[in-house]
Amino acid sequence: IAQPYKTIKPVTPYKWMIGLNWTAIDDDGYPFSKIFSVGQSWSITPFPSRITVDRYLKKGLSVEAATSFSMLKGTRIINGVVGAPGNMITVDLHAKYAFYYLYAPKTKWFDPYVTIGAGYTYRTNAPKITHAPSLNFGIGFNFWLVQSFGIQLGSTCKFGLTPKIWKTSANYFNHTAGVVYRFDRAKKNTSSDKKR
């Protein structure tokens, strides 16, 4: 008696994903204390100024490229002092792992992830660290409102690659909030055959 059966292959959640974010820079010179001093330390750019492009690979892994422009306010603490306004431009390349891959069939709207990679920061208000490469570690969350569109929140800790990598004014936090859109979301691949 012929019995049909199905072979189900893993789901590819997307092929490309793009994002547009607001940025908040915490560059007060106290890298692991006063991290929630929003009114004193965070320089929030009033318009979306960070763009991300994410290419999905497999099994939750993807590669993310990002660039941003941020405004550092003179009323905020910047490396221990107030009154040093300026601008900041960053370019980053990250490897990214999304935990969504592990439980997507059960909870499709919640999508946490971690990133690790390298970056470059250009500052206009700090002559000694105007050009600073960095080692980046980040964590973030996507909240999918519909199948392809969602809200993204993230924080990245950037360690400036200088002789004093742990205690250097090149270290800072980059917090982001914005929207993401994923393209070419794949459907489950199923194939049927008959067993003879």
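Residues numbered from 1 in each chain as written. Predicted model: local features only at pLDDT ≥ 70, side-chain atom pairs only at ≥ 80, totals over all residues. Heavy atoms only, no water.

(A) Main features of the overall build of the protein. Secondary structure summary: the protein contains 2 helices and 13 strands in total. In the protein, which comprises 196 residues, the proportion classed as buried is 41%. Taking the intrachain contacts of the protein between residues at least 6 apart in sequence as the baseline, contacts between residues at least 24 apart amount to 62%. Surface summary for the protein: the accessible area is close to 11400 Å², and the carbon and sulfur share equals 67%. (Helix = DSSP H or I, 4+ residues; strand = E, 2+ residues; numbered from the N terminus. Buried < 20%, exposed > 50% of the residue type's maximum accessible area, 1.4 Å probe, protein only. Contact = heavy atoms within 4.5 Å. Areas by Shrake-Rupley, 256 points an atom, 1.4 Å probe, with all protein chains shown as cover.)

(B) Examining the nonpolar core more closely. Within the largest apolar cluster, 8 residues are counted, these being Tyr14, Met17, Tyr56, Ala98, Tyr100, Tyr113, Trp144 and Val180. Listed in part, the 5 residues of the second largest apolar core include Leu72, Ile78, Met88 and Tyr172. (Core = buried A, V, L, I, M, F, W, Y, C linked by side-chain atoms within 4.5 Å.)

(C) Up close: the packing of aromatic side chains. Per the counting criterion, the structure on display carries 9 aromatic pairs. With a centroid separation of 6.1 Å and an interplanar angle of 80 degrees, the aromatic rings of phenylalanine 137 and phenylalanine 159 are classed as edge-to-face. One end of the pair, phenylalanine 137, is in strand 10 (residues 131-144); the other, phenylalanine 159, is in strand 11 (residues 149-160), and 22 residues separate them in sequence. Look at phenylalanine 137 and you get partly exposed, because its relative accessible area is 37%. (Phe/Tyr/Trp six-rings, centres within 6.5 Å; stacked < 30°, edge-to-face > 60°.)

(D) Representation of the pattern of salt bridges within the structure. Taken as a whole, this structure holds 4 salt bridges when the rule is applied. A salt bridge links lysine 96 to aspartate 54; its shortest N-O distance comes to 3.0 Å. Residue lysine 96 is located in strand 8 (residues 86-98), and its partner aspartate 54 is located in strand 4 (residues 50-58); the two are separated by 42 residues in the primary sequence. Across the pair, exposure class does not vary: lysine 96 and aspartate 54 are buried alike. Lysine 158 is the partner of aspartate 92 in a salt bridge, and the nearest nitrogen-oxygen pair spans 2.9 Å. Here aspartate 92, found in strand 8, pairs with lysine 158, found in strand 11; they are 66 residues apart in sequence, far enough to count as distant. By relative accessible area, lysine 158 is classed as buried at 1%. One connected set of salt bridges, linked through shared partners, spans Asp54, Glu64 and Lys96. (Salt bridge = Lys/Arg side-chain N within 4 Å of Asp/Glu carboxyl O.)

(E) Examining the pairing of strand 5 (residues 61-72) more closely. Residues Ser62, Glu64, Ala66, Ser68, Ser70 and Leu72 line the buried face of strand 5, whereas the alternating positions Leu61, Val63, Ala65, Thr67, Phe69 and Met71 sit on a face that is not buried. With 8 bridges joining them, strand 4 and strand 5 adopt antiparallel strand pairing. Within the sheet, the bridge partner assigned to tyrosine 56 lies in strand 5 and is serine 62. (Pairing = 2+ DSSP bridges.)

(F) Representation of the confidence of the model for the protein. Taken over all residues, the pLDDT of the protein has a mean of 86, while the share at 70 or more is 85%. This stretch, residues 4-9, has a pLDDT under 50; its non-local contacts, to residues over four places away or in other chains, come to 12 contacts. Per-residue pLDDT stays below 50 along residues 189-196; that stretch engages in 18 contacts with residues further than four places along the chain or on separate chains. (pLDDT = per-residue confidence, 0-100.)

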